[in-house]
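# Coordinates in review
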Amino acid sequence: MKAVAYRKSLPITDDDALIDIELPDPQATGRDLLVEVRAISVNPVDVKIRANMAPADGDAKVIGWDAAGVVKAVGPDVTLFKPGDEVWYAGALMRPGTNSELHLVDERIVGHKPKKLDFAKAAAMPLTAITAWELLFERLEVGRDKGVQGKSLLVIGAAGGVGSILVQLARQLTGLTVIATASRPETVEWVKELGAHHVIDHGKPLNEEIARLGLPPVSYVASLNQTDHHWNAIAELVAPQGKVALIDDPAAIDVRLLKRKSVSLHWEFMFTRSMFDTADIQKQHHLLNDMAQLVDTGVIKTTLAERFGKINAANLKRAHALIESNRAKGKIVLEGF
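Criteria and cut-off values
- Residues numbered from 1 in each chain as written.
- Predicted model: local features only at pLDDT ≥ 70, side-chain atom pairs only at ≥ 80, totals over all residues.
- Heavy atoms only, no water.
- Helix = DSSP H or I, 4+ residues; strand = E, 2+ residues; numbered from the N terminus.
- Rg over C-alpha atoms; globule rule 2.2 N^0.38 Å.
- Buried < 20%, exposed > 50% of the residue type's maximum accessible area, 1.4 Å probe, protein only.
- Contact = heavy atoms within 4.5 Å.
- Areas by Shrake-Rupley, 256 points an atom, 1.4 Å probe, with all protein chains shown as cover.
- Lys, Arg positive; Asp, Glu negative; His and termini not counted.
- Charge placed at Lys NZ, Arg CZ, Asp CG, Glu CD.
- Expected span 1.5 Å × (residues − 1).
- Pairing = 2+ DSSP bridges.
- Axes fitted to C-alpha atoms, helices over the stretch in contact; angles between N-to-C directions.
- Right-handed = clockwise from strand over helix to strand, strands pointing away.

What follows concerns the overall build of the chain. Within the chain, the secondary structure is distributed over 10 helices and 15 strands. For 337 residues, the compact-globule estimate of 2.2 N^0.38 gives 20 Å, and the C-alpha radius of gyration of the chain, at 20 Å, lies within 12% of that figure. Seen along its three principal axes, the alpha-carbon backbone of the chain occupies a region of about 60 × 45 × 35 Å. Counting only residues that meet the buried cut, the chain has 55% of its 337 residues in that class. Within the chain, residue pairs in contact and separated by at least 24 positions form 71% of the contacts whose partners lie at least 6 positions apart. Summed over all atoms, the accessible surface of the chain reaches about 14500 Å², with 50% contributed by carbon and sulfur. Each charge class in the chain was averaged separately, 40 positive and 42 negative side chains, and the resulting centres sit 5 Å apart.

Here's what the structure looks like:
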């Protein structure tokens with residue numbers, strides 16, 4: 001099968017940062033699905049792994065953690081899918097990635113693809129949808145209740161992949177006032193289209209931006225990037241007994257700043273369930289099915305922003321470069337080999 005991989009951690013400008021290779025076709029065993037990959041999207045985790053985790057000498061590492069495709073074969077213990085099913089998923093961090101024609105994935109972290117989306121639009125969503133859903137409903141414990149009023153959610157870095165889903169979930173499924181951060185005209189417009197009630201500039205002190213709008217202290221904060229840069233402002237703007245959730249890898253932050261307000265701190269890492277084979281791992285299967293229904297009923301829309309052509313090393317290098325520029329809006333998708 002065709003695949004895109006790397007042998008050394010190199011700058012994305014290097015010719016060999018990502019390379020086209022051929023690999024043996026994998027075989028499904030246990031609860032695995034063998035998926036014929038039709039489309040993939042690119043996430044910041046792809047860039048981080050490529051830049052920081054070199055494979056052993058002589059090995060080639062295939063990455064990629066978003067896919068939509070068709071089940072080609074199933075392992076003997078599979079009960080949730082059958083060959084021919086259209087699926088979407090984000091895979092597992094400790095297994096070979098989705099940048100390949102065929103891919104093995106545990107059925108418990110796979111969902112049925114939304115019927116109303118093509119493969120490219122579907123591939124844009126799984127990793128960010130899982131992250132946003134778990135952060136909002138499981139880590140911050142926000143209820144799916146439109147009747148709850150008087151509380152707010154600040155989404156820092158709202159125009160990115162996770163933020164683009166999180167803004168929609170919060171606006172469509174809760175009664176929270178959604179405050180998004182964005183700094184460029186195109187990203188401001190993007191998050192407004194997704195449903196943000198207010199947009200503030202993360203290039204300025206966030207606590208001052210909240211005060212400028214005359215908004216009360218924020219009940220929930222979802223910090224999706226540059227948490228260390230915004231930390232002092234977060235501690236100031238969050239409401240007493242509020243909650244803060246992170247997904248990035250900040251430099252040292254002083255959590256003591258949260259003590260006097262009794263603010264709780266939560267981490268969200270969507271690979272935790274698959275990495276540790278947790279007892280509730282199959283929640284991601286149900287989550288993705290719920291998201292598919294929300295997409296098919298028009299409640300949530302795809303966050304695909306750019307199509308970069310076929311799945312090959314040259315196009316994936318372009319996608320990685322855009323992610324590294326920190327100027328991506330929504331998701332970058334590639335489709336077909």
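Right, picking up where we left off after that structure.
For the rest of this paragraph, the subject is helix 4 (residues 161–173). Helix length check: helix 4, at 13 residues, gives a terminal C-alpha distance of 18 Å against a target of 18 Å (1.5 Å per residue), a fit within 8%. Here helix 4 lies mainly inside the structure; 11 of its 13 residues are buried. Those residues of helix 4 lying buried are Gly161, Val162, Gly163, Ser164, Ile165, Leu166, Val167, Gln168, Leu169, Ala170 and Leu173.

Here the focus is the sheet that holds strand 9 (residues 177–181). With parallel pairing, the six strands of this open sheet are ordered in space as 10-9-8-11-12-13. The sheet is open, and its two borders are formed by strand 10 (198–200) and strand 13 (264–267), each paired with just one other strand. Averaged over all pairs of adjacent strands, the angle between their axes in this sheet comes to 20 degrees, without regard to strand direction. Direction of pairing for strand 8 (residues 152–156) relative to strand 11 (residues 218–223): parallel, over a ladder of four bridges. Paired with Leu154 across the strands is Val221, a residue of strand 11. Across the sheet, helix 4 lies against strand 8, strand 9 and strand 11, angled at about 170 degrees from strand 8, the strand it touches most.

Helix length check: helix 9 (residues 283–296), at 14 residues, gives a terminal C-alpha distance of 20 Å against a target of 20 Å (1.5 Å per residue), a fit within 8%. Among all positions in helix 9, only Gln284, His285, Leu287, Leu288, Met291, Ala292, Leu294, Val295 and Asp296 are buried. Close packing links the buried residues of helix 9 with strand 5 (86–89), strand 7 (110–112), helix 3 (126–139), helix 4 and helix 8 (272–276). Phi turns positive one or two residues past the end of helix 9, at Gly298, with a value near 80 degrees.

A few words now on the pairing of strand 8. In regular strands, side chains alternate between the two faces of the sheet. With five of its five residues buried, strand 8 lies for the most part within the structure. Neither face of strand 8 is left uncovered, since the one carrying Ser152, Leu154 and Ile156 and the one carrying Leu153 and Val155 both have all their residues buried. For the handedness criterion, the β-α-β arrangement of strand 8, helix 4 and strand 9 is classed as right-handed.

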